[in-house]
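Breakdown of the fold
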Amino acid sequence: MASEPPCAPGSPEAPDKGKKTVSQQCEVQPPLVHSGDIEHLPQKLPRAALVRGYGRFHLSIVEARQAQLLSRLDPLEVGKRSLPSEKHPMPEEKFWGDQESLSKIPFKIMKGHSHIVSSCNFCVDDTKLLSGSYDCTVKLWDAVDGSVIRDFEHRPNAPVLECSVTADSKRIIAASYDKAVRAWDLETGKLLWKINHETFIASCKLSPDGKYVVSALDVDRGICITDAENATTVSHIKNHHSRSLTACCFDPDSQKVASVSLDKSIKIWDITSQATLLTITKAHSSAISNCCFTFSGHFLCTSSWDKTLKIWNVHTGEFRNRGACVTLMRGHEGSVSSCHFARDTSFLVSGGLDRTVAIWDVGEGYRKLSLKGHSDWVTDVAISNDKKRVLSSSKDRTMRLWNIEEIDQIPLVIKYKKALGSKVKQCEVCDRPFSIYESDIFSETVTKCVFCRMDAKDLSAEASSSSGGEAHWQGSAARPQMTDGHWAC
């Protein structure tokens, strides 16, 4: 067991003063162990470090060599070489100069960290970028020219595992391997507070409304919800999972917290009722690495070491295991590390150990494009609010900003759509465009997108349940459990 820190969980601490310099403090490196030892870790080792730093992205040597060979044959691969500017001048968009002719996806490489970049975010109306790194720094970047605007002071004494920002971009937080969560004012760079936990932190997120911070804790396998204003503890749920947590996130209304774990399960906790609303056991065949809500809050995407992504209905716990979403289960050649929905849920982005960033059409579940260029595993991904750019961070110590505004005009994307025989229709409920296969015998009768169809099915199920007179949702103890995607009593 790790030694107890000076501050109890939930207690705010003033900015550090009179201590050693950052260069002297920042010597902590995440421990590396063999994958076979992960079940028998000594208590003093940070399991969160292993979750993010090794096991979560495990890929066999054979698969790694195969991925390397396949990447050489992929016409979309973005290598390190760029074409001479005189052959392809881009005076109107000089920032997007790092591109290859075959990929047709302009990108910019952001260099400034000296170790693994573990987390990345868009902020300030997509004009700024936020990153956290194992070099013990949290940086703010200019999204236009790629320069570093600020290194946040009173920085962590250990590698930064994750950083998060409020929807209004007023406040940021970062969790690090020194068992602390720190909060800064984004505009001034001032350290607002610091919380020390008794155990390692696997993940941390700010609620969209900026009122709460949730931390996924390692040793006690629980979540801690903190008031973001005064750093006091709102809830501390221990033994929430049967094994260490890997990630957590708020829903768009800032009222529910989803958490995933090495135990392959998903849990959704309600802040108001202080109860577990939904538990899905054996959601994946291996540990779940990350999770994210759609902006409607009706669906949750999970990524896993089993190389798959799954989309769940959070009201029923149902997994869409038919039709288009089956494709999401075979998109990466290695463990999937991260996932993120576009604001209108029209597409999903994921990153993984295979060093690629995959862009998925959510409605039909097919992979539109695989962005290649990182030389090591992709640790995190983010999408700008205007859906024109994708941000990725990597173990290769860089971030890449991809301009996907004209992705649908790429010849290979058009060719792939035609091969699928898909056509675009407009949803009669939400007015969003969605794709449907022309070969589908029901293509002419389908008038709603996949999410509106699932919502309609959900309402129908609730109506039939109400008519039966049974109250299944009045308490966490009465709520049904999911096993392998099926209800169990």
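Criteria and thresholds
- Residues numbered from 1 in each chain as written.
- Predicted model: local features only at pLDDT ≥ 70, side-chain atom pairs only at ≥ 80, totals over all residues.
- Heavy atoms only, no water.
- Pairing = 2+ DSSP bridges.
- Helix = DSSP H or I, 4+ residues; strand = E, 2+ residues; numbered from the N terminus.
- Axes fitted to C-alpha atoms, helices over the stretch in contact; angles between N-to-C directions.
- Buried < 20%, exposed > 50% of the residue type's maximum accessible area, 1.4 Å probe, protein only.
- Polar contact = N/O pair within 3.5 Å; in protein donor to acceptor, adjacent residues only side chain to side chain.
- Core = buried A, V, L, I, M, F, W, Y, C linked by side-chain atoms within 4.5 Å.
- Salt bridge = Lys/Arg side-chain N within 4 Å of Asp/Glu carboxyl O.

**Some details on the sheet that holds strand β28 (residues 398-403)**
What links the strands of a sheet is backbone hydrogen bonding, and the strands pair in either a parallel or an antiparallel sense. Strand order in this open sheet of four strands is β2-β28-β27-β26, and the pairing throughout is antiparallel. Strands at the two margins of the open sheet, each flanked by one partner only, are β2 (107-111) and β26 (378-383). Strand after strand, the sheet turns through a mean of 20° between neighbouring axes, direction not considered. In terms of strand pairing, strand β27 (residues 389-394) meets β28 through five bridges, oriented antiparallel. Paired with Leu391 across the strands is Leu401, a residue of β28.

**Details of the pairing of strand β12 (residues 212-217)**
Along β12, six of the six residues are buried, which leaves the element largely enclosed by surrounding structure. With burial as the criterion, each face of β12 is covered, one bearing Tyr212, Val214 and Ala216 and the other bearing Val213, Ser215 and Leu217. If you look at the hairpin formed by strand β11 (residues 201-206) and β12, you'll find five residues sitting between the two strands, and Gly210 has a positive phi there, around 80°. Where β12 folds back onto strand β13 (residues 223-227) in an antiparallel hairpin, the turn is made up of five residues, including Arg221, whose phi is positive at roughly 50°.

**Things to note about the side chain of Ser393**
Of note, Ser393 is situated in strand β27. In this structure Ser393 comes out as buried when scored by relative accessible area, which is 0%. A polar atom in the side chain of Ser393 sits 3.5 Å from the backbone oxygen of Val117.

**Quick look at the nonpolar core**
Ranked by size, the top nonpolar core spans 18 residues in total, and within it Val349, Val357, Trp402 and Ile407 carry the most contacts. When contributions to this core are tallied by element, the ones reaching two or more residues are β23 (347-352), β24 (356-361), β25 (366-372) and β26. The element that contributes the greatest number of residues to this core is β26, accounting for three residues. In this structure, Ala247, Ile268, Trp312 and Phe319 belong to the second largest nonpolar core, which totals 17 residues.

**Notes on the pattern of salt bridges**
Taken as a whole and judged by the stated rule, the model has seven salt bridges. The partner of Lys205 in a salt bridge is Glu162, and the shortest N-O contact between them spans 2.4 Å. Placement of Lys205 in strand β11 and of Glu162 in strand β7 (residues 160-165) is noted, with a sequence separation of 43 residues between them. An identical accessibility class is assigned to Lys205 and Glu162; each is buried. Salt-bridge contacts for Glu229 lead to Arg171; the nearest nitrogen and oxygen are separated by 3.5 Å. Placement of the pair is Glu229 in the loop between β13 and β14 (233-237) and Arg171 in strand β8 (residues 171-176), with a sequence separation of 58 residues.

**Section: the sheet that holds β23**
Strand order in the open sheet formed by four strands is β22-β23-β24-β25, with antiparallel pairing between adjacent strands. Every interior strand has two partners, whereas the edge strands, β22 (336-341) and β25, have only one. Strand-to-strand twist of the sheet, defined as the mean angle between neighbouring strand axes without regard to direction, takes the value 20°. Direction of pairing for β22 relative to β23: antiparallel, over a ladder of five bridges. Bridged to Phe341 within β23 is Leu348.

This is a description of form; function is not addressed.
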